[in-house]
Amino acid sequence: MSDTKSKLEEYRKRKQAEENKEANKNAVWSALTLQPLRRRLTTRINNQENQDPTEVENNLEVSDDAEIVQAEEETVEWTAIDWGILAVKFLVWICLQVVFVKIEFGAIFFLFTGVFLMLTNMGRKKPGEMSAYSVFNPNCEAIHGTVTAQQLMYGPNARPAPAADAT
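Cut-off values and rules
Residues numbered from 1 in each chain as written. Predicted model: local features only at pLDDT ≥ 70, side-chain atom pairs only at ≥ 80, totals over all residues. Heavy atoms only, no water. Helix = DSSP H or I, 4+ residues; strand = E, 2+ residues; numbered from the N terminus. Buried < 20%, exposed > 50% of the residue type's maximum accessible area, 1.4 Å probe, protein only. Contact = heavy atoms within 4.5 Å. Areas by Shrake-Rupley, 256 points an atom, 1.4 Å probe, with all protein chains shown as cover. Salt bridge = Lys/Arg side-chain N within 4 Å of Asp/Glu carboxyl O. pLDDT = per-residue confidence, 0-100. Axes fitted to C-alpha atoms, helices over the stretch in contact; angles between N-to-C directions. Nonpolar A, V, L, I, M, F, W, Y, C, P; charged D, E, K, R; others polar. Phe/Tyr/Trp six-rings, centres within 6.5 Å; stacked < 30°, edge-to-face > 60°.

**Describing the overall build of the protein**
For step 1, the next point in the chain: When you go through the protein residue by residue, the secondary structure sums to seven helices and two strands.
For step 2, the next point in the chain: The linear arrangement of helices and strands in the protein, starting from the amino end, is α-α-α-β-β-α-α-α-α.
For step 3, the next point in the chain: A buried classification covers 8% of the 167 residues belonging to the protein.
For step 4, the next point in the chain: The long-range fraction of contacts in the protein, counting pairs at least 24 apart against all pairs at least 6 apart in sequence, stands at 21%.
For step 5, the next point in the chain: Total accessible area on the protein stands at roughly 15,800 Å², and carbon and sulfur atoms take up 60% of it.

Right, here's the structure in full:
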């Protein structure tokens, strides 16, 4: 029975250590992205402004079926704190670029920054949004010149196609 208790204690210690590690990771990320400052300022701004209930209703559209649907495009205006955070991030990037130039890895840092920015700003396809393929190919037909698996399997210099009737 004591073996089970010791395993339980060990498990609890391990879980507590994992939770502490995750909390520290979140705290560092929050500090790097200036989230506490942003939260504090947005709550202060929200407390100063009394939101009119009609503004909330304007952000929602009511469909014919009386379902409430979120507005398709939400325009988010940047506040002064958002511009300040962007400026701080840009200044940190400039400092890092200078450091990497000094150690002769400036071009590599610049290229990795470009790739990072491209990958993080690609976005996601919204539900119901048409893909680029379906926009330019409305009937979803095979594009001339594409090679299909059947052409590879049963084309010239390949194994013969299976017989239509095996009887």
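That covers the picture; the talk isn't over yet.
**Remarks on the pattern of salt bridges**
For step 1, the next point in the chain: A full pass over the atoms with the stated rule returns three salt bridges.
For step 2, the next point in the chain: Among the ionic pairs, Lys15 bridges to Glu18, the shortest N-O distance being 3.9 Å. Here Lys15 pairs with Glu18, and both are found in helix H1 (residues 2–32), just three residues apart, close to one helical turn.

**Remarks on the confidence of the model for the protein**
Interpretation of the predicted coordinates at a detailed level should be avoided for regions scoring low in pLDDT.
For step 1, the next point in the chain: Averaged over the protein, the pLDDT score is 76; the fraction of residues at 70 or greater is 75%.
For step 2, the next point in the chain: For the stretch residues 55–73, pLDDT sits under 50, and the model shows 13 contacts to residues farther than four places along the chain or on other chains.

**Regarding the packing of helix H4 (residues 80–102) against helix H5 (residues 106–120)**
A packed helix pair is summarised by two numbers, namely the angle formed by the two axes and the spacing between the axes.
For step 1, the next point in the chain: For the pair H4 and H5, interaxial distance at closest approach is 7 Å and the crossing angle is 145°. The residues of H5 that touch H4, namely those facing Trp93, Leu96, Gln97, Phe100 and Val101, are Gly106, Phe109, Phe110 and Thr113.
For step 2, the next point in the chain: Partitioned by chemical class, the residues of the contact of H4 with H5 number six nonpolar, three polar and no charged.

**Observations concerning the packing of aromatic side chains**
For step 1, the next point in the chain: In this structure the tally under the stated criterion is five aromatic pairs.
For step 2, the next point in the chain: Where Trp78 meets Trp83, the ring centres are 4.8 Å apart and the plane angle is 50°; that geometry is what we call tilted.
For step 3, the next point in the chain: Plain terms: the ring middles of Trp93 and Phe110 are 6.3 Å apart, the flat faces sit at 55° to each other, and that makes the pair tilted. With Trp93 in helix H4 and Phe110 in helix H5, the pair connects residues that are 17 residues apart, well separated along the chain.
For step 4, the next point in the chain: Taken together, the aromatic side chains of Phe90, Trp93, Phe100, Phe109 and Phe110 make up a single cluster linked through ring pairs.

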